[in-house]
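Overview (structure and organization)
Below, each chain spelled out in residue letters.
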Amino acid sequence: MATIEECRAALDKLSDSMRRAGGEVRAAAAMDRSVSCHLTDLEVTFAGRLTGGRVEVHDTYAGPPRERAQIRLAMTGDDLVALVGGELHFARAWASGRVRLEAGLRDLLRLRKLL
């Protein structure tokens, strides 16, 4: 099972990758939205913002998200690490229910370019 530290490192790696991306990916990441990522097996939530083309984690706390972020992810820690590491394909994980993504329709349309 992935640790909280490994999951935080995965989010940092994702953020760095988004910042270095070009083209449509960079444009899709250029929104300013609140974000939460709930790790269901670790019962921890990372909360922050997607801004400036990267994810900035501002808070980590036990349990489910305390506030309703504009973009909400939920998955296991192992799935987060695998997604960021390229070992798990987002669309397949989402279709099978391993990953949950909730956001407004406009945000979902932009996010599909990232995922």
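Just above, that's the structure.
Report on the accompanying structure. Everything numeric here is computed off the predicted structure, so don't read it as measured data.

Some words on the environment of A47
- Structurally, A47 is set in strand β2 (residues 44–51).
- Considered as a pair, A47 and E67 are 20 residues apart in the sequence and their alpha carbons are 9.0 Å apart.
- Those residues within four positions of A47 in sequence are excluded, and the remaining contacts are V35, S36, E56, V57, H58, D59 and Y61.

A word on the pattern of salt bridges
- One pass over the structure, following the stated rule, counts 6 salt bridges.
- R8 is the salt-bridge partner of D12, the closest N and O atoms lying 3.3 Å from each other. Linking D12 with R8, this pair stays in helix α1 (residues 4–20), spanning 4 residues, or about one helical turn.
- Put simply, D79 and R98 hold a salt bridge, and the shortest N to O gap is 2.5 Å. Taken as a pair, D79 in helix α3 (residues 77–84) and R98 in the loop between α4 (90–95) and β5 (100–103) lie far apart in primary sequence, 19 residues in all.
- Judged by relative accessible area, D79 falls into the buried class, the value being 8%.
- When its relative accessible area of 43% is taken as the criterion, R98 is described as partly exposed.

Here's the deal with the sheet that holds strand β1 (residues 33–39)
- Strand order in the open sheet formed by 5 strands is β3-β2-β1-β4-β5, and the pairing between neighbours is mixed. Each edge of the open sheet is held by one strand with a lone partner, namely β3 (54–62) and β5. Across the sheet, the mean angle from the axis of one strand to that of its neighbour is 20°, orientation sign disregarded.
- Pairing between strand β4 (residues 71–75) and β5: 4 bridges, direction antiparallel. Its bridge partner being in β5, I71 is matched across the sheet by A103.
- Sheet contacts for α1: β1, β2 and β3; angle to β3, the most-contacted strand, approximately 165°.
- In the packing of α3 onto the sheet, the strands contacted are β1 and β4, and the crossing angle to β4 comes to about 110°.

Thoughts on the environment of K13
- Among the structural elements, K13 can be located in helix α1.
- It is 7.3 Å that separates the C-alpha atoms of K13 and V84, two residues lying 71 residues apart in sequence.
- Contact partners of K13, with chain neighbours within four places excluded, come to V84 and G85.

Some words on α1
- In a regular helix each residue adds 1.5 Å, so 17 residues correspond to 24 Å; α1 covers 25 Å between its end C-alpha atoms and thus fits that length.
- Along α1, the positions that sit buried rather than exposed are C7, A10, L11, S15 and M18. Taken end-on, α1 shows its buried residues confined to a sector of 140°, consistent with a single buried face. Set apart from the buried face of α1 by more than 90 degrees, the exposed residues are E5 and R20.

Thresholds, definitions, all that
- Residues numbered from 1 in each chain as written.
- Predicted model: local features only at pLDDT ≥ 70, side-chain atom pairs only at ≥ 80, totals over all residues.
- Heavy atoms only, no water.
- Helix = DSSP H or I, 4+ residues; strand = E, 2+ residues; numbered from the N terminus.
- Contact = heavy atoms within 4.5 Å.
- Salt bridge = Lys/Arg side-chain N within 4 Å of Asp/Glu carboxyl O.
- Buried < 20%, exposed > 50% of the residue type's maximum accessible area, 1.4 Å probe, protein only.
- Pairing = 2+ DSSP bridges.
- Axes fitted to C-alpha atoms, helices over the stretch in contact; angles between N-to-C directions.
- Expected span 1.5 Å × (residues − 1).
- Arc of directions from axis to C-beta.

All we've got here are geometric facts, nothing functional implied.
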